[in-house]
Amino acid sequence: MSLRYRTEAINGDGGTGTARVIDGMEVPVASPLAPNPDPDASNPEQLLALAWSTCLNATAQALVKRERRTAVRIEVELHDAAEGPGYEFHVDAHLSAEGLTLAETEDLLERAHARCPVSKLLHGASTVRVHAEEYAGVSS
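Bear in mind the structure is a predicted one, so any value in this text is a computation, not a measurement.

*Asks:* Describe helix α2 (residues 102-115), with residues and values.
*Replies:* With 14 residues, α2 ought to run about 20 Å at 1.5 Å a step, and its terminal C-alpha atoms sit 20 Å apart, in line with that. Regarding α2, the residues found buried are T105, L108, L109, A112 and H113. Down the axis of α2, the buried side of the element spans an arc of 130°, and every buried residue falls inside it. Away from its buried face by more than 90 degrees, α2 exposes A103, E110 and A114. On its buried side, α2 packs onto α1 (44-63), β4 (70-80), β5 (87-97), α3 (117-122) and β6 (128-133).

Following this line, the structure appears as structure tokens:
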């Protein structure tokens, strides 16, 4: 197993303050549960959604050899933990691909989910689900 890339991030402030990548970006962070959270700050839910949407869509693009457009939408919810103290994420990934039937999109999703590093990290979590959808383009 050969190393392809390595990065390191540091957070010394917890849920409010900043998180930063060594020799890279600095991201203001704020808990979505804090009273009056900074609207310009990010939170772990948003960062997870960005990471997985980017990784899963890049993997899907590699599988379709960039011959068609694909889109991934990630929904992250924060819930009280079902068991024990604290919270848990409930995450849904939605993948669509231009020009593919729903069955073909489901096959692409299965292959991308099996190959994507973030999917591998989340694999087996009871609160993570993936869904194939008909392609409707990408909207902001």
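*Asks:* An account of the sheet that holds strand β1 (residues 9-11) is requested, with residue identities and associated values reported.
*Replies:* Pairing is antiparallel in the open sheet, where three strands are placed in the order β1-β2-β3. Every other strand in the sheet has two partners, leaving β1 and β3 (26-29) as the edge strands with one partner each. Direction aside, neighbouring strands of the sheet carry axes that sit 20° apart on average. The sheet contact formed by strand β2 (residues 17-21) and β3 spans four bridges and is antiparallel. Directly across from A19, in β3, lies its bridge partner V27.

*Asks:* Provide a residue-level description of the pattern of salt bridges, including the pertinent values.
*Replies:* A complete count under the given rule lists five salt bridges for this structure. The closest approach of N and O atoms between E75 and R73, which form a salt bridge, is 2.4 Å. Take E75: its relative accessible area is 33%, and that puts it in the partly exposed class. The salt bridge partner of E133 is R73, with a shortest N-O separation of 3.0 Å. Taken together, the residues E133 in strand β6 and R73 in strand β4 connect sequence positions 60 residues apart. Several salt bridges converge on common partners, so that one network encompasses R73, E75 and E133.

*Asks:* Can you break down α1 residue by residue, with the values?
*Replies:* Taking 1.5 Å per residue as the helical rise, α1 with its 20 residues ought to reach 28 Å, and the 28 Å between its terminal C-alpha atoms agrees with that figure. In this structure, the buried residues of α1 make contact with β4, β5, α2, α3 and β6. Two or three places before E45, at the start of α1, stands the capping residue N43, its side-chain oxygen 3.1 Å from that residue's backbone nitrogen. K65 sits one or two positions beyond α1 and adopts a positive phi of about 55°.

*Asks:* Help me get a handle on the sheet that holds β6, residues and values and all.
*Replies:* Pairing in this open sheet of three strands is mixed, and the strands run β4-β5-β6 from one edge to the other. In the strand order of this sheet, the two ends are held by β4 and β6, each with one partner. Strand-to-strand twist across the sheet, computed as the mean angle between neighbouring axes with direction ignored, equals 15°. With six bridges joining them, β5 and β6 adopt parallel strand pairing. Each bridged residue has a counterpart across the sheet, and for D92 the counterpart in β6 is R129. Contacting β4, β5 and β6, α2 runs over the sheet at an angle of about 145° to β6.

*Asks:* Give a detailed account of the pairing of β4, specifying residues and quantitative values.
*Replies:* Pairing between β4 and β5: 11 bridges, direction antiparallel. Within β5, the position partnered with T70 by the bridge is A97. Connecting β4 to the antiparallel partner β5 that follows it, the hairpin turn spans six residues, and G84 within it adopts a positive phi of roughly 85°.

Cut-offs and rules
Residues numbered from 1 in each chain as written. Predicted model: local features only at pLDDT ≥ 70, side-chain atom pairs only at ≥ 80, totals over all residues. Heavy atoms only, no water. Helix = DSSP H or I, 4+ residues; strand = E, 2+ residues; numbered from the N terminus. Expected span 1.5 Å × (residues − 1). Buried < 20%, exposed > 50% of the residue type's maximum accessible area, 1.4 Å probe, protein only. Arc of directions from axis to C-beta. Contact = heavy atoms within 4.5 Å. Pairing = 2+ DSSP bridges. Axes fitted to C-alpha atoms, helices over the stretch in contact; angles between N-to-C directions. Salt bridge = Lys/Arg side-chain N within 4 Å of Asp/Glu carboxyl O. Polar contact = N/O pair within 3.5 Å; in protein donor to acceptor, adjacent residues only side chain to side chain.

Note that every value here comes from positions in space, so none of it alone points to a role or purpose.
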